[in-house]
Amino acid sequence: MSPHSYHEIFKLITMKTLLSLLSLCFVFNMYSQTDSTNAEPEIKWEKSFGLGLSLSHTLNINPPAISAPKEGFGSTVSVDAMLNYIKENSRFQMRNDLSWTMALYKANSQMPTQNTSDILLTNHDFALSFQKSGNWYFNLILNTETSILTLFEDNYLRDQNALGPIQSFLNPYAVTINPGIKYEINKGLGISISPYVLKIRGVTSQSIADKDIFFQDKDNRILSDGHYKKTFQEELGAGLQIWIDKRIGKWLAINYKIIANSNYLENIFKNGTITGQFTTNLFVYKGFGITHKGLLKGNFAQSPFKPFYNQVIVLSYKFAK
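All chains use their own residue numbering, which begins from 1 and follows the written sequence. Local features in this predicted model are restricted to residues of pLDDT 70 or higher, and side-chain atom pairs are both shown and tallied only at a pLDDT of 80 or more, whereas totals for entire chains, interfaces and linings draw on every residue. Where side-chain values are given, they derive from all heavy atoms of the structure, hydrogens and water being excluded.

Colleague: What am I meant to see in the overall build of the chain here?
Modeller: What the chain contains, in helices and strands, is two helices and 12 strands. Scanning the chain from its N terminus toward the C terminus, one meets helices and strands in the order α-β-β-β-β-β-β-β-α-β-β-β-β-β. For the chain, long-range pairs separated by at least 24 residues make up 58% of all intrachain contacts whose partners lie at least 6 apart in sequence. Helix and strand definitions here come from DSSP, where helices need a minimum of 4 consecutive H or I residues and strands a minimum of 2 consecutive E residues; each element is numbered from the N-terminal end. Here, two residues are considered to be in contact whenever any of their heavy atoms come within 4.5 Å of each other.

Right, dumping it as structure tokens:
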């Protein structure tokens, strides 16, 4: 190939390179201009974490465990966390919150320490609005409940009778699946209705399942090999959830949820359940304050109707961003 041909090829490559660079500069300039006038919607994560730790007074009304004390002073740990995804002008939103309350009770120095509360609750709401900036959403709510501590007979932290644990992490657990429609009256206040609610209950430990503690309301729970089933599914019918999550001034914040369900094909007031989760934060100084937490659980099939209610009051610190 002659030097002239090499020279022509070099010129051609150079011209193409310059044109490519000019194109890139043009595209970058257009992008910069578009970005300056039409900024991407801000992706916002709402986060908070709260910790409560104190000696507190525990009150139990109609406790499900006969051995649980009606009242007394004990050590209480309370943990709350929230993580929400909110993007401006986006039809999708995601809300997640977690609450764990653990209370230990000791009647006197001679008695072993007992557990009076160990409940980990999480709520997850995935929603897609009918239209941008709308208040109506298609949504899927997942409510979960489990325990954290390993407990033994009579809710002791030690195996006094060498019978093995009766409760531990994910033993027992419950997951409620609520697909439906929700309406947000305003931020932090809304209602969700589900035409069909499915609940999955179970344990992960076969030895705990074989103690037949948590699912005595279920028939046909014994397998052919003599062991007990570890998982059950329940169709709960229709579901209703109402929540209030509000900051009132600088001193008060409330997070209340009412979760109810019932089979509309039967007597709705005889086979349903209701759960209430109530958290009230009274701030004193820069996140430090007092937290009141209440849990209400009732079964409409119970006659007479005696819902279980548990509450704790703790000194707390909450960080929000």
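Structure's up, so let's keep going.
Colleague: Explain the nonpolar core to me, please; I cannot follow it from the model alone.
Modeller: Nonpolar side chains in soluble globular proteins tend to end up buried together. As used in this record, nonpolar core signifies buried Ala, Val, Leu, Ile, Met, Phe, Trp, Tyr and Cys residues forming a set joined through side-chain atoms within 4.5 Å. Relative accessible area decides the class of each residue, using a 1.4 Å probe on protein chains only: under 20% of the type maximum gives buried, over 50% gives exposed, and in between gives partly exposed. With seven residues, the main nonpolar core is built from Val77, Val79, Trp100, Met102, Leu120, Leu149 and Leu151. Those elements that place two or more of their residues in this core are strand S2 (71-87) and strand S3 (92-105). Dropping the residues within four chain positions of it, Val77 is found in contact with Gly52, Leu53, Trp100, Thr101 and Met102. Val203, Ile208, Tyr228 and Phe232 belong to the second-largest nonpolar core, a separate cluster that totals six residues.

Colleague: Could you clarify how one ought to interpret the environment of Glu46 in this entry?
Modeller: Within the secondary structure, Glu46 is located in strand S1 (residues 43-61). Sequence separation between Glu46 and Asn96 is 50 residues, and the spatial gap between their C-alpha atoms is 9.9 Å. Excluding residues within four positions of it along the chain, Glu46 makes contact with Met82, Leu83, Asn84, Ile86, Arg95, Lys187 and Lys321.

Colleague: Would you mind showing me how to read unusual backbone geometry here?
Modeller: Note: most peptide bonds trans; most residues except glycine with negative phi. Each neighbour pair has its own omega, and for Asn171 with Pro172 the value is 0°, a cis peptide bond. By the element assignment, Pro172 lies in the loop between strand S5 (136-146) and strand S6 (173-186). Between Ser303 and the following residue, Pro304, the backbone shows a cis peptide bond with an omega angle of 0°. The topology assignment puts Pro304 in the loop between strand S11 (288-299) and strand S12 (308-320). One non-glycine residue, Asp154, lies in positive phi territory at about 65°. Of note, Asp154 is situated in the loop between S5 and S6. Of note, the phi angle at Lys286 is positive, near 50°, even though the residue is not glycine. Mapped onto the elements, Lys286 comes out in the loop between strand S10 (273-285) and S11.

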